[in-house]
Amino acid sequence: MDNTLLEEKLTALGETEMQMFRFMLDRPAGAILTVETDKMLAQLLAEDGLAEVDGDKVIIPAEIRDAYREIWSDELTLKWRKRNWMYKCIEAGNYLYGVMTWDVLKDLFALRYPHAEMDEVKELFAATPVFYQWFTERDGQLVLNGYEKDDYYRYLLQMQGDTPFYIPSKEEVEELYERGCLISRESHAKLKDFIDETFGCGPDAAELKMARLYQAVNDRVRVNDAVDMFLVGDIEDGEKMKFPSDEAEVKFIELYMDMSRECRTRDNRGHDWYEMTAIMAEKNRTAGSDRKNAPVKRVKIGRNEPCPCGSGKKYKNCCGRNIS
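Source: prediction; values computed, not measured.

Colleague: Before we go on, may I ask you to explain the overall build of the protein in this structure?
Modeller: When helices and strands are counted, the protein shows 14 helices and six strands. By element, 50% of the accessible surface of the protein is carried by carbon and sulfur atoms, the whole surface being about 18,800 Å².

Quick look at the structure:
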């Protein structure tokens, strides 16, 4: 493998893949993997020619190990970091926007690299591996995969009008990438804790279920169907989970509805229900104010012209009588 190709493959690695690669670098005799996630990551490295897998044993070939130590530099580290930040920006866009402009993607990227030019943003986007790529360019817009069907993205654009895009914080971008939802939001955290306490599934499992409920809101799944999907989950024995009581079910639905109103959805360009309500109220207030304060167009009427009141008299002998 030549160094240019190796540079490209290395800088395209995600954070977990790079962590695995570096974990195996210092093990010339190879590493024995027991965790399924580690095996999967090792297999991805093998597919890129960066590792050799023999059962549970994984090794970085000597020539790859030596070349890495020769070519890896501060410049390549920065390139790798920028590519990984682009992956996170695209992932955030997946949860926030059904369709976005290049400027919005640049705004997301600028949260960490404020001096980046549009050309660099487009280059990084184009170089994003398929695994991290959720958007395709159409008509100058970045459209979420699947939203091109039946021109749904055009409907979104028309429906959203001039609603501004919500640009998240760096922390929210990281959270969406790592968790698939915003557990940091109050109503989300309450529902997660309720799931953990009610079903005793543990924080990690509760967080995974929250990510699926978040997705259900974004996919506009009906409440009853979302509850049913939640109860089915990843069961292996064919039995659905059950609420311990009717009160628990009512409480779950109540918390789910609170969470759904606080959910940042694609249909609203990343805004939640409360923010959209405020935006629409402001639009209506401004529109009403514009109508109220609109200048009155005055038409000059000649003194000898028929009076506009319909009397049949000349204007000067009717409504214009007292106007000098």
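Colleague: Before we go on, may I ask you to explain the pairing of strand E5 (residues 135–138) in this structure?
Modeller: Sheet faces and side chains relate simply in a regular strand, where the side chains alternate between the two faces. Strand direction decides the pairing type here: E5 and strand E6 (residues 141–144), joined by four bridges, are antiparallel. Bridge pairing in E6 links Arg138 to Gln141. Taking the residues that link successive antiparallel strands as the turn, the E5-E6 hairpin has two residues, and the phi of Asp139 there is positive, at about 55°.

Colleague: Where do I start with the nonpolar core in this structure?
Modeller: Nonpolar side chains in soluble globular proteins tend to be buried together. Among the nonpolar cores identified, the biggest contains 56 residues, and Met100, Leu105, Phe109, Leu191, Leu213, Phe252 and Tyr256 are the most heavily contacted of them. The contacts of Leu105, once residues within four sequence positions are left out, are Met86, Cys89, Met100, Val121, Phe125 and Leu142.

Colleague: Help me understand the pairing of E6 in this model?
Modeller: With burial as the criterion, each face of E6 is covered, one bearing Gln141 and Val143 and the other bearing Leu142 and Leu144. Here strand E4 (residues 99–100) runs beside E6; their pairing, made up of two bridges, is antiparallel. If you follow Val99 over to E6, its bridge partner there is Val143.

Colleague: Sorry if this is basic, but what is going on with the packing of aromatic side chains here?
Modeller: Remark: the centre distance and the inter-plane angle together describe each pair of aromatic rings, the angle taken between the planes. Evaluated as defined, the whole model comprises 16 aromatic pairs. Ring geometry for Trp102 versus Phe125: centroids 5.1 Å apart, planes at 80°, classification edge-to-face. Highlighted residues: Trp102 in helix H6 (residues 102–110) and Phe125 in helix H7 (residues 118–126), separated in sequence by 23 residues. With centroids separated by 5.6 Å and ring planes inclined at 35°, the aromatic side chains of Tyr152 and Tyr155 adopt a geometry described as tilted.

Colleague: I'm lost on the sheet that holds E5 in this one. Help?
Modeller: Strand pairing in a sheet takes place through backbone hydrogen bonds and is either antiparallel or parallel in direction. The strand order E4-E6-E5 describes an open sheet built from three strands, whose pairing is antiparallel. A strand with exactly one partner marks an edge of an open sheet, and here the two such strands are E4 and E5.

Colleague: It is not clear to me how the packing of helix H5 (residues 74–96) against H7 should be interpreted in this structure. Could you clarify?
Modeller: The axes of two packed helices give the description: the angle between them and the distance between them. Closest axis-to-axis distance for the H5/H7 pair is 10 Å, and the angle between their directions is 80°. Regarding the angle of H5 to H7, the classification is roughly perpendicular. Every residue of H7 that contacts H5 at Lys82, Arg83, Met86 and Ile90 is listed here: Glu120, Val121, Leu124 and Phe125. Class assignment of the residues belonging to the contact of H5 with H7 gives a composition of five nonpolar, no polar and three charged.

Colleague: Explain the sheet that holds strand E3 (residues 57–59) here, please?
Modeller: Read from one edge of the open sheet, three strands run E1-E3-E2, paired in antiparallel fashion. Looking at the sheet topology across the chains shown, the edges are occupied by strand E1 (31–32) and strand E2 (52–54). One ladder, built from three bridges, connects E2 with E3; its direction is antiparallel. When the bridges of E3 are listed, Asp54 appears paired with Lys57.

Colleague: Could you clarify how one ought to interpret the packing of helix H2 (residues 15–25) against helix H3 (residues 36–47) in this entry?
Modeller: Between H2 and H3, whose axes approach to 10 Å, the crossing angle comes to 85°. Between H2 and H3, the angle is such that the two are roughly perpendicular. Only Asp38, Leu41, Ala42, Leu44 and Leu45 of H3 make contact with H2, whose side of the interface consists of Thr16, Glu17, Met20, Phe21 and Met24. In the contact of H2 with H3, the residues fall into seven nonpolar, one polar and two charged.

Colleague: Help me understand helix H4 (residues 62–71), please; the structure alone is not making it clear to me.
Modeller: Within an α-helix, residues lying three or four positions from one another point in the same direction, as the helix has 3.6 residues per turn. For H4, the complete set of buried residues consists of Ile64, Arg65, Ala67, Tyr68 and Ile71. Residues of H4 that are buried in the fold lie against helix H1 (3–11), H2, E3 and H5.

Colleague: I tried to follow the pattern of salt bridges on my own but got confused; where do I start?
Modeller: Think of it this way: side chains of opposite charge can pair up when their charged atoms draw near. Under the criterion given, the structure shown has 26 salt bridges. Across the pair Asp272 and Arg185 runs a salt bridge whose closest N-O atoms are separated by 3.0 Å. Taken as a pair, Asp272 in the loop between helix H13 (246–261) and helix H14 (273–292) and Arg185 in the loop between helix H9 (170–179) and helix H10 (186–199) lie far apart in primary sequence, 87 residues in all. Taken individually, Asp272 and Arg185 each receive the classification buried, so the pair is uniform in this respect. When the shortest N-O distance is used, the salt bridge between Glu275 and Arg264 registers 2.7 Å. Pair noted here: Glu275 is in helix H14 and Arg264 is in the loop between H13 and H14, with a separation of 11 residues, a long-range link. Given a relative accessible area of 24%, Glu275 falls into the partly exposed group. Given a relative accessible area of 4%, Arg264 falls into the buried group. Linked through salt bridges whose partners overlap, the residues forming this network are Glu15, Lys88, Arg112 and Glu174.

What counts as what
Residue indices begin from 1 for each chain and proceed along its sequence in written order. The model is predicted, so local features are restricted to residues of pLDDT at least 70 and side-chain atom pairs to those at 80 or more, both for listing and for counting; the totals for chains, interfaces and linings are taken over all residues. Side-chain metrics in this entry use all non-hydrogen atoms of the structure; hydrogen atoms and water are not considered. The helix count covers DSSP runs of H or I at least four residues long, the strand count covers runs of E at least two residues long, and both are numbered beginning at the N terminus. For every accessible area listed, the method is Shrake-Rupley and the probe measures 1.4 Å; residues are considered covered only by the protein chains on display. Strand pairing is defined by DSSP finding a minimum of two bridges between the two strands. Residues grouped as a nonpolar core are buried Ala, Val, Leu, Ile, Met, Phe, Trp, Tyr and Cys residues, joined through side-chain atoms within 4.5 Å. Relative accessibility decides the category of a residue: with a 1.4 Å probe and only protein chains considered, values under 20% of the type maximum give buried, values over 50% give exposed, and everything between is partly exposed. What makes two residues a contact is simply this: any of their non-hydrogen atoms within 4.5 Å. Here is the rule: rings of Phe, Tyr and Trp (six-membered ring for Trp) pair when centre to centre is within 6.5 Å. Planes less than 30 degrees apart are stacked, more than 60 are edge-to-face, and the remainder are tilted. Between N-to-C directions, angles span 0 to 180 degrees; the directions come from axes that are lines fitted to C-alpha atoms, helices contributing only their stretch in contact. For this classification, under 35 degrees means roughly parallel, over 145 means roughly antiparallel, 65 to 115 means roughly perpendicular, and everything else is oblique. When residues are grouped by polarity, Ala, Val, Leu, Ile, Met, Phe, Trp, Tyr, Cys and Pro land in nonpolar, Asp, Glu, Lys and Arg in charged, and all others, Gly among them, in polar. By convention in these notes, a salt bridge is any Lys or Arg side-chain nitrogen within 4 Å of a carboxyl oxygen on Asp or Glu.

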